[in-house]
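Chains, contacts and geometry: an overview
Chain by chain, the residues run as shown.
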Amino acid sequence: MIRAAALAVLASLAPSAHALQVRDDRGVMISLEQPAERIVSLAPHLAEIAFAAGAGAKLVGVSAFSRHPAQAARLPVVASSGRVDVERLIVLRPQLVLAWQTGNSPLQLARLERLGFPVFVTETRSLADIPRIIRLVGALAGSAEVAEARARQLESEVAELRRRHSGERSIAVFLEIWHTPMLTVNGAHLMSDALRLCGGRNVFAGARTLTPLVSREQVLAARPEAIVTAGPGADSPRAWRGLEPVSAVRNRRIYAIDPDLLYGQGPLLVEGVRALCDRLELARH
């Protein structure tokens, strides 16, 4: 049944001469005969990016926890926790699938490609990647002008934040994305780029994995001057009992920021960067 449905979709997508060609972050060339009219996103930030690119009206399916903008939350869910409901996706007949390189299963993405769906895979590792991906999605969706305007706006906002915080005293920061167990990010993560913009230094930048687990002993050894957390209740002094030798804990420089702002990878992240920069200003003074 899946193969028969996929063949029907494939017939509707079969190109005669490729009019659109965009290379994704795997280096794979995505070719469409015409702008995609039916799009599925497999990560929350990709739904946000599709709307920013002027393609929100073309979204027919999203992943769980797609809340920004509010319209995304009303769309059918075809993926959760990185897993794709292939049968449900097929029923939606997408002409383009937006996927997240480190958040979606490569095996499942390969299966979607074998079934004939164009899969555009991206990875956001710097603030500059967000407007870049918005432009690419706009090109594939036929909304390049809207995408360009939004991308330029984001670039302007980031440039202003960079200008405002350039020359600030560097401050050592522990970026915590979960408290029990303690989970952080390394220097290649998008949030490390945001931290650098604010004049911060990720104390676990040298970790080998993108989102490593760390121990309380490692936090003691890293000696952060500030802790920025998105873990529930992790800004409470009680959550850091026993770590008083760390200056961030001793001086109560522990700041909670809404994880939707701080660890999203869409345009809303700019609000998270503003909040991050504000918290580091408090820590400096």
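Residues numbered from 1 in each chain as written. Predicted model: local features only at pLDDT ≥ 70, side-chain atom pairs only at ≥ 80, totals over all residues. Heavy atoms only, no water.

One recurring pattern in soluble globular proteins: nonpolar side chains tend to sit buried together. Met191 and Val273 are the most contacted members of the largest nonpolar core, which has 58 residues in total. Counting residues per element, this core draws most heavily on helix H11 (residues 269-284), which supplies eight residues. The residues touching Val273, leaving out its near neighbours within four places in the chain, are Leu127, Leu161, Ala194, Leu197 and Cys198. Of all hydrophobic cores here, the second largest spans 18 residues; its members include Leu42, Leu112, Phe117 and Val121. (Core = buried A, V, L, I, M, F, W, Y, C linked by side-chain atoms within 4.5 Å. Buried < 20%, exposed > 50% of the residue type's maximum accessible area, 1.4 Å probe, protein only. Helix = DSSP H or I, 4+ residues; strand = E, 2+ residues; numbered from the N terminus. Contact = heavy atoms within 4.5 Å.)

Applying the stated criterion across every chain yields a total of one disulfide. With a sulfur-sulfur separation of 2.0 Å, Cys198 is cross-linked through a disulfide to Cys277. For the disulfide bridge between Cys198 and Cys277, the dihedral angle about the S-S bond is near -80 degrees, and by the sign convention the bridge is left-handed. You can see Cys198 sitting in the loop between helix H7 (190-197) and strand S10 (200-202) and its partner Cys277 sitting in helix H11, a full 79 residues away along the chain. This pair shows no difference in class: Cys198 is buried, exactly as Cys277 is. (Disulfide = S-S within 2.5 Å.)

Counted at 1.5 Å a residue, the expected span for helix H6 (residues 144-165) with its 22 residues is 32 Å, and the 31 Å between its end C-alpha atoms agrees. For H6, every residue scored as buried is listed here: Ala147, Ala151, Leu154, Val158, Leu161 and His165. On an axial view of H6, the arc spanned by its buried residues comes to 85 degrees, and they lie on one face. Of the exposed residues in H6, the ones pointing more than 90 degrees away from its buried face are Glu145, Arg152 and Arg163. Buried residues along H6 sit in contact with helix H2 (44-52), helix H5 (129-141), H7 and H11. (Expected span 1.5 Å × (residues − 1). Arc of directions from axis to C-beta.)

Below, the discussion takes up the environment of Leu161. Tracing the backbone through its elements, the reader meets Leu161 in helix H6. Judged by its relative accessible area of 2%, Leu161 is buried. With sequence-adjacent residues up to four places away left out, Leu161 is seen in contact with Leu197, Val270, Val273 and Arg274.

It is worth spelling out unusual backbone geometry at this point. Of note, the bond from His68 into Pro69 is cis; its omega dihedral lies within 30 degrees of zero at -10 degrees. Considering the arrangement of structural elements, one finds Pro69 in the loop between strand S4 (59-63) and strand S5 (77-80). The peptide bond linking Thr180 to Pro181 adopts the cis configuration, its omega dihedral lying at 0 degrees. In this fold, Pro181 is placed in the loop between strand S9 (171-176) and H7. At Arg223, a position not held by glycine, the phi torsion is positive, near 50 degrees. Locating Arg223 in the fold gives a position in the loop between helix H8 (216-222) and strand S11 (226-229). What makes Arg223 exposed here is its relative accessible area of 65%.

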